Amino acid sequence: MHIHIFWDSQSPSGYQVPVKRLISSILGVETTVTENPVRIMGYVTARRQVDAQALLDSIQTYKHLHQIPEPVLLVVHQDLFRNGNIFVFGLARESVGAGVVSTSRLGNEYYGRPGSDDDYIDRIAKEGAHEIGHLLGLPHCSDRECVMFKPDTLDELDRKKKVLCQSCREQLDTLLNAG
Ligand SMILES: [Zn+2]
Ligand SMILES: [Zn+2]
């Protein structure tokens, strides 16, 4: 089993390989990264954001049409929201193996700080691994340093380490072995 990472053309170029490697090392699963073939749906002009649920629908349709059983993570640059949330870093729909992450709020520049490739790559990898973790069956974790902790702010995201805590690691091993 391997994970498909679809990288949209608007997401920062040049980060694909380091992000893919980090996600593989965080989760201990194989990943491939390719140019995104999925249509970007759900743009809401008034919000200048994309409805994450509509994007997940689009991934679901693509997976069905092309008979892709493995989990798919889409990396987009459009800012994402979902009903009830002003924004989301990412969203996963475990039942269909579809997840999405936005790079929009993950760069220092968004917060008026000096840019850093390393920060950007680390954050995309942590958020990507988090959503894929859901697709593999992991719930949220209360350990603030664990990848499966749900961050509401950039600081909370930065506090997380690029690993699963012991408990999540064991859960994931069980899930992967069961599959
Ligand atoms: Zn989550
Ligand atoms: Zn954990």
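Above: the structure in question.
What counts as what
Residues numbered from 1 in each chain as written. Chains lettered and ligands numbered in written order. Predicted model: local features only at pLDDT ≥ 70, side-chain atom pairs only at ≥ 80, totals over all residues. Heavy atoms only, no water. Core = buried A, V, L, I, M, F, W, Y, C linked by side-chain atoms within 4.5 Å. Buried < 20%, exposed > 50% of the residue type's maximum accessible area, 1.4 Å probe, protein only. Helix = DSSP H or I, 4+ residues; strand = E, 2+ residues; numbered from the N terminus. Contact = heavy atoms within 4.5 Å. Salt bridge = Lys/Arg side-chain N within 4 Å of Asp/Glu carboxyl O. Phe/Tyr/Trp six-rings, centres within 6.5 Å; stacked < 30°, edge-to-face > 60°. Lys NZ or Arg CZ within 6 Å of the ring centre and 35° of its normal.

Visitor: Please explain the nonpolar core as it appears in this structure.
Guide: Looking at soluble globular proteins, one finds that nonpolar side chains tend to be buried together. Within the largest apolar cluster, 33 residues are counted, with the highest numbers of intra-cluster contacts made by Ile23, Leu27, Ile124, Met148 and Leu164. The set of elements that each furnish at least two residues to this core consists of strand S1 (2–7), helix H1 (16–27), strand S5 (72–76), helix H3 (117–135), helix H4 (154–159) and helix H5 (166–178). In terms of residues, this core owes the most to one element, H3, which gives six residues. If near-sequence neighbours (up to four positions away) are discounted, Met148 is found in contact with Ala129, His130, Gly133, His134, Leu138, Pro139, His140, Cys141, Leu164 and Cys168. Residues Val50, Ile59, Val72 and Val76 belong to the second largest nonpolar core, which totals 17 residues.

Visitor: What is the right way to read the pattern of salt bridges from this model?
Guide: Pairs may arise between side chains of opposite charge once their charged atoms sit close together. Applying the stated criterion across every chain, the model contains eleven salt bridges. We note a salt bridge from Glu127 to Lys160, for which the minimum N-O separation is 3.8 Å. Taken together, the positions of Glu127 in helix H3 and Lys160 in the loop between H4 and H5 put the pair 33 residues apart, joining distant regions of the chain. For the pair formed by Glu127 and Lys160, the shared burial category is buried. Lys150 is the salt-bridge partner of Asp152, the closest N and O atoms lying 2.9 Å from each other.

Visitor: Which parts of the structure should I look at to understand the packing of aromatic side chains?
Guide: To describe a pair of aromatic rings, one takes the distance between the centres and the angle between the planes. Overall, the coordinates contain four aromatic pairs when judged by the stated rule. Arranged with centres 5.2 Å apart and planes meeting at 80°, the rings of Phe87 and Phe89 form a pair that is edge-to-face. For Phe89, a relative accessible area of 5% corresponds to the buried category. Between the aromatic rings of Tyr110 and Tyr111, the centroid separation amounts to 5.0 Å while the plane-to-plane angle is 65°, which identifies the pairing as edge-to-face. You can call Tyr111 partly exposed: its relative accessible area is 31%. In this structure, Arg105 is placed above the aromatic ring of Phe87, and the distance from its NZ or CZ to the ring centre is 4.0 Å.

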